[in-house]
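These are the residues of each chain, in order.
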Amino acid sequence: DAEITQSPRHKITETGRQVTLACHQTWNHNNMFWYRQDLGHGLRLIHYSYGVQDTNKGEVSDGYSVSRSNTEDLPLTLESAASSQTSVYFCASSEGGQGTDTQYFGPGTRLTVL
Amino acid sequence: AQSVAQPEDQVNVAEGNPLTVKCTYSVSGNPYLFWYVQYPNRGLQFLLKYITGDNLVKGSYGFEAEFNKSQTSFHLKKPSALVSDSALYFCAVRDRRDTNAGKSTFGDGTTLTVKP
């Protein structure tokens, strides 16, 4: 069955370190998204991609970057981790091409920055 | 700009009673509307969506939602709640003019607790 996976599921890091969170989907979806989930803020969009070599900034993109070198993967990099980036991160994908398609979410990565 | 409001952080109902989780939205154009559910330590799962046509949309696990354009609402409902329905529910909106199925805007979520 097609799926979307994230790794690691839990990560503890120190302030100032570079961290990369992996997202891999086997749906062959064009669109991929990264969100962070914080209490009182719901889901906030960090970055998104509509296809290979395409990346776009979301509403909370400062301090984060992504790259899309193939259809399956959209890794999220925290250039210099800050305590404010402690959160749960979700990757999602959707087929693309229509406004009606559903997003499929990964299980999440809980990141703690000390 | 688009936005979603879920006015209740928490909804408590007794098992067997009907439940409603409220959602109102704001978009410049016409909306696509979605409901997702999140169980503890899991990612979000799709429940149902409104695209066009019948204002009453039926989805997974016996849930349904009614699109009301005049009130800009898309409330989630279920006639008889189960304890297993206890979870975090998110409403999301997307502007129809965003033809590349891009960004959805999510509400802050409503925690539903169903008591036996």
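First, a word on what this report is: a plain description of the structure on this page.

Rules behind the numbers
Just so you know, the residues in each chain are numbered from 1, in the order the chain's sequence is written. Note on labels: chains are lettered from A, ligands numbered from 1, in written order. Reporting in this predicted model follows two pLDDT cut-offs: at least 70 for local features of residues, and 80 or more for side-chain atom pairs to be given and counted; totals over whole chains, interfaces and linings ignore these cut-offs and use all residues. In computing side-chain values, all of the structure's heavy atoms are included and hydrogens and water are not. Strands are runs of DSSP state E lasting at least 2 residues, helices are runs of H or I lasting at least 4, and numbering of each runs from the N terminus. When we talk radius of gyration, it's over C-alpha atoms, and the globule rule is simply 2.2 Å times the number of residues to the 0.38. Think of it in three bands: with a 1.4 Å probe and only protein chains considered, a residue is buried below 20% of the maximum accessible area for its type, exposed above 50%, and partly exposed in between. Positive: Lys, Arg. Negative: Asp, Glu. His and the chain ends are not part of the count. One atom stands in for each charge, and that atom is NZ of Lys, CZ of Arg, CG of Asp or CD of Glu. Cysteine sulfurs are considered disulfide-paired once they come within 2.5 Å of each other. In these notes, a set of buried Ala, Val, Leu, Ile, Met, Phe, Trp, Tyr and Cys residues joined through side-chain atoms within 4.5 Å is what counts as a nonpolar core. Note on definitions: a residue-residue contact is assigned when non-hydrogen atoms from the two residues lie within 4.5 Å.

**A word on the overall build of chain B**
A tally of helices and strands in chain B yields zero helices and 12 strands. Reading the helices (α) and strands (β) of chain B from amino to carboxyl end gives β-β-β-β-β-β-β-β-β-β-β-β. A compact globule built from 116 residues would reach a C-alpha radius of gyration of about 13 Å, and chain B, at 14 Å, matches this within 12%. Judged by the C-alpha coordinates and their principal axes, chain B covers about 45 × 30 × 25 Å. Counting every position in chain B, which comprises 116 residues, the buried fraction comes to 44%. Placing the 12 positive and 10 negative side-chain charges of chain B at their respective mean positions leaves the two points 5 Å apart.

**Quick look at the state of the cysteines**
All chains considered together, the criterion is met by two disulfides over all chains. One disulfide in the model links C23(A) with C91(A); its S-S distance is 1.8 Å. Note on the C23(A) and C91(A) pair: the S-S dihedral is about -70°, so by sign convention the disulfide is left-handed. In this pair, C23(A) is assigned in strand β3 (residues 19–25) and C91(A) in strand β9 (residues 87–94), connecting sequence segments 68 residues apart. Assigned by exposure class, C23(A) and C91(A) land together as buried. The disulfide bridge from C23(B) ends at C91(B), spanning 2.0 Å between sulfur atoms. Disulfide C23(B) to C91(B): torsion about the S-S bond roughly -65°, handedness left-handed. Taken together, the residues C23(B) in the loop between β3 (19–21) and β4 (24–26) and C91(B) in strand β10 (residues 87–95) connect sequence positions 68 residues apart. Of the two residues, C23(B) and C91(B), neither departs from the other in class, the shared state being buried.

**Some points on the nonpolar core**
Core analysis: the biggest nonpolar cluster contains 27 residues, and W35(B), L47(B), L48(B), F74(B), L76(B) and Y89(B) have the highest contact counts within it. When contributions to this core are tallied by element, the ones reaching two or more residues are β2 (10–14), β3, β5 (31–38), β6 (44–50), β8 (64–68), β9 (73–78), β10 and β12 (110–115) of chain B. Counting residues per element, this core draws most heavily on β10(B), at four residues. Excluding residues within four positions of it along the chain, F74(B) makes contact with C23(B), L33(B), F34(B), W35(B), L48(B), K49(B), Y50(B), V57(B), A65(B), E66(B) and F67(B). Counting 17 residues, the second largest nonpolar core, distinct from the first, contains V19(A), M32(A), Y64(A) and C91(A).

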